[in-house]
Amino acid sequence: MEIIPLASETLGVRSMAVVVKTADCTILVDPSIALAPKRYGLEPHKIEFARQKELWNNLREWAKKADIMTISHYHFDHHCPEEPGIYKNKKMLVKHPKENINKSQIRRSSKFKTALGDLPESVEFADGRIFEFGNTTMTFSEAVPHGTNTRLGYVVQLAIDDGKTTFLHTSDVEGPSLDSQYNFIMEHEPEILACDGPMTYLMYRYGLKAMEKSLANLISIIENTSIKTMMLEHHLTRDLKWREKMKTVFDAGEQQGCNVTTFAGYLGKEDDLLEARRKELYAEED
Ligand SMILES: [Zn+2]
Ligand SMILES: [Zn+2]
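Residues numbered from 1 in each chain as written. Chains lettered and ligands numbered in written order. Predicted model: local features only at pLDDT ≥ 70, side-chain atom pairs only at ≥ 80, totals over all residues.

### Some words on the environment of Leu-93
Inclusion rule: For the purposes of this entry, the term helix denotes a DSSP run of H or I that reaches at least four residues, the term strand denotes a run of E that reaches at least two, and both are numbered from the N terminus. Exposure classification rests on a simple neighbour count of other C-beta atoms within 10 Å of a residue's own: a residue reaching 20 or more is buried, one at 12 or fewer is exposed, and one in between is partly exposed. C-beta atoms are placed from the backbone. Working definition of a contact: two residues with C-beta atoms, positioned from the backbone, lying within 7 Å.
Looking at the element boundaries, Leu-93 is found in strand β5 (residues 91-94). With 24 C-beta atoms counted inside 10 Å, the residue Leu-93 sits in the buried group. For the pair Leu-93 and Ile-106, spaced 13 residues apart in sequence, the C-alpha to C-alpha distance is 17 Å. The residues touching Leu-93, leaving out its near neighbours within four places in the chain, are Ile-68, Thr-70, Glu-124, Ala-126, Phe-131 and Met-138.

### Topic: the sheet that holds strand β12 (residues 166-169)
Formally: Pairing between strands requires that DSSP locate at least two bridges from one strand to the other. Inter-axis angles, ranging from 0 to 180 degrees, are taken between N-to-C directions of lines fitted to C-alpha atoms, where helices are fitted over the stretch in contact.
Ordered by their spatial adjacency, seven strands build an open sheet running β7-β8-β11-β12-β13-β14-β15, and the pairing between neighbours is mixed. At either margin of the open sheet sits one strand with a lone partner, and together these are β7 (130-133) and β15 (259-261). Between one strand and the next, the sheet's axes are offset by a mean angle of 15°, whatever the strand orientation. In the sheet, strand β11 (residues 158-161) pairs with β12 via four bridges, with the strands oriented antiparallel. By the bridge assignment for β12, Leu-158 is matched with His-169.

### Some details on the nonpolar core
For clarity, the cut-off: Definition of nonpolar core: a set of buried Ala, Val, Leu, Ile, Met, Phe, Trp, Tyr and Cys residues joined via C-beta atoms within 7 Å.
In terms of nonpolar packing, the biggest core is built from 66 residues, with Ala-17, Val-18, Val-20, Leu-158, Leu-193, Met-230 and Met-231 touching the most fellow members. Sequence-distant contacts of Met-230, that is, excluding residues within four places in its chain, are made with Leu-193, Cys-195, Ile-222, Gly-253, Cys-258 and Val-260.

### Description of helix α1 (residues 46-65)
Note the cut-off: Helix span, as expected, comes to 1.5 Å for every residue beyond the first.
Taking 1.5 Å of rise per residue, the 20 residues of α1 would be expected to cover 28 Å, and the 30 Å separating its terminal C-alpha atoms lies within 8% of that figure. Its buried side turned inward, α1 meets β1 (2-7), β2 (17-21) and β3 (26-29).

### Describing the sheet that holds β5
Spatial strand order, β1-β2-β3-β4-β5-β6: six strands in an open sheet with mixed pairing. The open sheet terminates on both sides in strands that have one partner only, identified here as β1 and β6 (122-125). Adjacent strand axes in the sheet meet at a mean angle of 20° when their direction is disregarded. Where α1 meets the sheet, it contacts β1, β2 and β3, and its direction lies at approximately 140° from that of β1.

### Topic: the packing of helix α5 (residues 208-224) against helix α7 (residues 247-256)
We count it as follows: Roughly parallel refers to an angle under 35 degrees, roughly antiparallel to one over 145, roughly perpendicular to one between 65 and 115, and oblique to any angle outside these ranges. We call Asp, Glu, Lys and Arg charged. Ala, Val, Leu, Ile, Met, Phe, Trp, Tyr, Cys and Pro are nonpolar, and the rest, Gly among them, are polar.
Following both chains from N to C, one finds α5 and α7 inclined at 5°, their axes separated by 9 Å at the closest point. Here α7 runs roughly parallel to α5, going by the angle between their axes. Facing α5, whose interface residues are Leu-215, Leu-218, Ile-219, Ile-222 and Glu-223, α7 presents Thr-248, Val-249, Ala-252, Gly-253 and Gln-256. For the contact of α5 with α7, the per-class residue count stands at six nonpolar, three polar and one charged.

Right, here's the structure in full:
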């Protein structure tokens, strides 16, 4: 199995897009890229737009090679109604557009369906289902809350097992702080995890209890499974101080021989938190 992270906050944009290549198929998880419309009251900087364009070009190339595309939920950093062409002739496995979903995502999923038309080879609802392609098994979780509660709707997590390795993509669990999110990870015991970490940049919304729970869950995953690589991303890496806040997780990783890293780190690059540095990007211009 080969894992190729395509876009994320440590690569300078909002996304959790990943390519998973097995002997049987090439899977593109959540192919889309967005920017924070406002951060610190500022619109995206031109450096962020340039990065988004660059990463989209790479994503489009991978889209051509993909057999299967998955959509974990209907936020624009995970699905893109503006570029329906990338989904052409693909087998699509998507979050259910009407069950376990909030109103805003019902509207977006319906617009997405219209944008797709009959471009995809097939579209199947994935919640709680298992799909097999040769020796590759794709298991979707039941819908779990987007974060600590269902205000922002639900997502589906995805475990991909090729018979040798298991990779798991949590989508936007913001933690995981809830048992339903954590249990899916423990059931599948991935060697490689792409995890949306706690939303530390909006602590007033996220809350200390959820933070404690997330830290305990991440440490438990490291201590009680044979995980080798834990990539922490997305909501967490919108915070310049995320590494200090996750110190106990890094320590557990070091003790247990698990590489705690990011999408950028996995690719051998330095983290480049453009959104979190937006204020600086504008200041550097003056
Ligand atoms: Zn989301
Ligand atoms: Zn997201």
